Amino acid sequence: MALIWLSSGDNRDAGEIRQRFALSLFFFQMNGTIWDYTDAWMSDINECLWMGVQCNNRDTVNSLAVDTNNVYGPIPTELIAMDGLAALAITRNHLTGTIPSELFDMPRLRELRLYANRLTGTIPTEVANAKSLESLRVETNFLAGTLCTEIGAVSTLTDLNIGFNDFILRIPSEVGQLKRLKFFRVNSNSFSGRLPTEIGRMDSLQSLGLTENLLFGSIPSYFGLLWNLRDLRVAGSGIGGFIPTELSLLSNLVRLDMAYSNFRGTLMTEFGKLTNMFFFSINDCNLEGPLPSEMGNMWNMTRLQIHNNYFSGT
């Protein structure tokens, strides 16, 4: 269908032929006739003017975004013909099939956003080929299996979100190699095992989400080295034990969610050093003893949840 369209009328000469072929094939394979919006698609005007398509000053497609547009079907591998593509976003649609490994061979790809679809399979090991990738967001799909160790080779990553899938077994220690990563979210999966201490080496990390998993063990003391961390969520992750005093070194922390976990012992007085924190949730654990008076130093606190523990005193 794409070739027939391309060879008819003025369709071939209205833009760059490889781009027009890749985009027309994308349209037909992704059931474009039932998209909610198709402004200028499959017309004889330059493809840079089609809805969701952006080009640079040389008319090279560098961004394709068709979010929330009733897009159906598997992602066509022919998209790699657009070797200038830096951002691909097909979110909140009905994508099926697996993530094509060929996407990670695109030399300029910086952002890949495929969240809120029906993708299956796992993240291909070829992700290691992505030399420019900064953002990989595939949350809220039906991905499963293990998170490949090759993810640690994508040294350019700043945002990795694989939450709300069904990944299993351990979080690979290789994630500790992602020195530029700022946002790491694996919420609502089936990860098991202990947290890798190597996460403590990710000193650019600002947000870490581990909630609703099948982990065990305690929070590694190395997490106290995450100087830039602002948001730490481990509620319902399976983690427990004694809370390491090293967490008090996280002076930039504004949100700490540790509820519905197996933490035990007493709350450390060092929590009073976390004066930037406005949300602290540690309800439904096994903590006991008095609340430290030093918590009164947490001047910015607007939400404190400590119910269903064994605290004493007044």
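The structure presented is a predicted model; accordingly, all values stated were derived computationally and were not measured. (Residues numbered from 1 in each chain as written. Predicted model: local features only at pLDDT ≥ 70, side-chain atom pairs only at ≥ 80, totals over all residues. Heavy atoms only, no water.)

### Focus: the overall build of the chain
Here is step 1: In terms of helices and strands, the chain carries two helices and 22 strands.
Here is step 2: For the chain, the spread of C-alpha atoms along the principal axes amounts to about 85 × 35 × 30 Å.
Here is step 3: Scored against the burial criterion, the 314 residues of the chain give a buried share of 49%.
Here is step 4: Taking the contacts inside the chain whose residues are at least 6 apart along the sequence as the reference set, 49% of them involve residues at least 24 apart. (Helix = DSSP H or I, 4+ residues; strand = E, 2+ residues; numbered from the N terminus. Buried < 20%, exposed > 50% of the residue type's maximum accessible area, 1.4 Å probe, protein only. Contact = heavy atoms within 4.5 Å.)

### A word on the pairing of strand β18 (residues 262-265)
Here is step 1: Along β18, the buried face is formed by F263 and G265; none of N262 and R264, which line the opposite face, is buried.
Here is step 2: Note: strand β16 (residues 240-241) against β18, two bridges, orientation parallel. If you follow G240 over to β18, its bridge partner there is N262.
Here is step 3: Strand direction decides the pairing type here: β18 and strand β20 (residues 286-290), joined by two bridges, are parallel. Its bridge partner lying in β20, G265 is registered against L287. (Pairing = 2+ DSSP bridges.)

### Comments concerning the nonpolar core
Here is step 1: Judged by nonpolar contacts, the single largest core of 83 residues is most densely connected at W41, L64, L136, F184, I199, I243 and M258.
Here is step 2: Mapped by element, the contributors of at least two residues to this core are α2 (17-29) and β2 (61-65).
Here is step 3: At four residues, α2 tops the list of elements feeding residues into this core. (Core = buried A, V, L, I, M, F, W, Y, C linked by side-chain atoms within 4.5 Å.)

### Side note on the packing of aromatic side chains
Here is step 1: Going through the model one piece at a time under the given rule, you end up with nine aromatic pairs.
Here is step 2: Ring centres of F26 and W35 lie 5.9 Å apart, and the angle between their planes is 65°; this geometry places the pair in the edge-to-face category. Across this residue pair, the class does not change: F26 and W35 are buried.
Here is step 3: Residues F27 and W41 carry aromatic rings whose centres are separated by 6.0 Å and whose planes lie at 20° to one another, so their mutual orientation is stacked. (Phe/Tyr/Trp six-rings, centres within 6.5 Å; stacked < 30°, edge-to-face > 60°.)

### As for the pattern of salt bridges
Here is step 1: Within the structure shown, the criterion is met by six salt bridges.
Here is step 2: A salt bridge links R113 to E111, with the nearest nitrogen and oxygen atoms 2.3 Å apart.
Here is step 3: The exposure class of R113 is partly exposed, given its relative accessible area of 22%.
Here is step 4: Across the salt bridge formed by D231 and R233, the nearest N and O atoms sit 2.9 Å from each other.
Here is step 5: On the basis of relative accessible area, R233 is assigned to the partly exposed category, the value being 29%. (Salt bridge = Lys/Arg side-chain N within 4 Å of Asp/Glu carboxyl O.)

### Some words on unusual backbone geometry
Here is step 1: In this model, D59 sits at a positive phi of 60°, which is unusual for a non-glycine residue.
Here is step 2: With respect to the helices and strands, the residue D59 is situated in the loop between β1 (53-55) and β2.
Here is step 3: Judged by relative accessible area, D59 falls into the partly exposed class, the value being 42%.
Here is step 4: For T68, which is not glycine, the phi dihedral falls at a positive 50°.

### Observations concerning the sheet that holds β16
Here is step 1: Ordered in space as β16-β18-β20-β22, the four strands form an open sheet in which the pairing is parallel. Both outer strands of the open sheet, β16 and β22 (310-312), are each paired with one neighbouring strand and no more.

### A closer look at the sheet that holds strand β10 (residues 166-169)
Here is step 1: The strand order across the open sheet formed by four strands is β8-β10-β12-β14, and the pairing between neighbours is parallel. Each having just a single partner strand, β8 (144-145) and β14 (214-215) make up the two edges of the open sheet.
Here is step 2: Two elements, β10 and strand β12 (residues 190-193), share two bridges in a ladder whose sense is parallel. Note that in β12 the partner of I168 across the bridge is S190.

### Brief notes about the side chain of S135
Here is step 1: Mapped onto the secondary structure, S135 falls in strand β7 (residues 135-137).
Here is step 2: In this view, S135 contacts R110, E111, L112, L157 and D159; residues no more than four positions away in its chain are not counted.

### Here's the deal with the pairing of β10
Here is step 1: The sheet contact formed by β8 and β10 spans two bridges and is parallel. Its bridge partner lying in β10, G145 is registered against F167.

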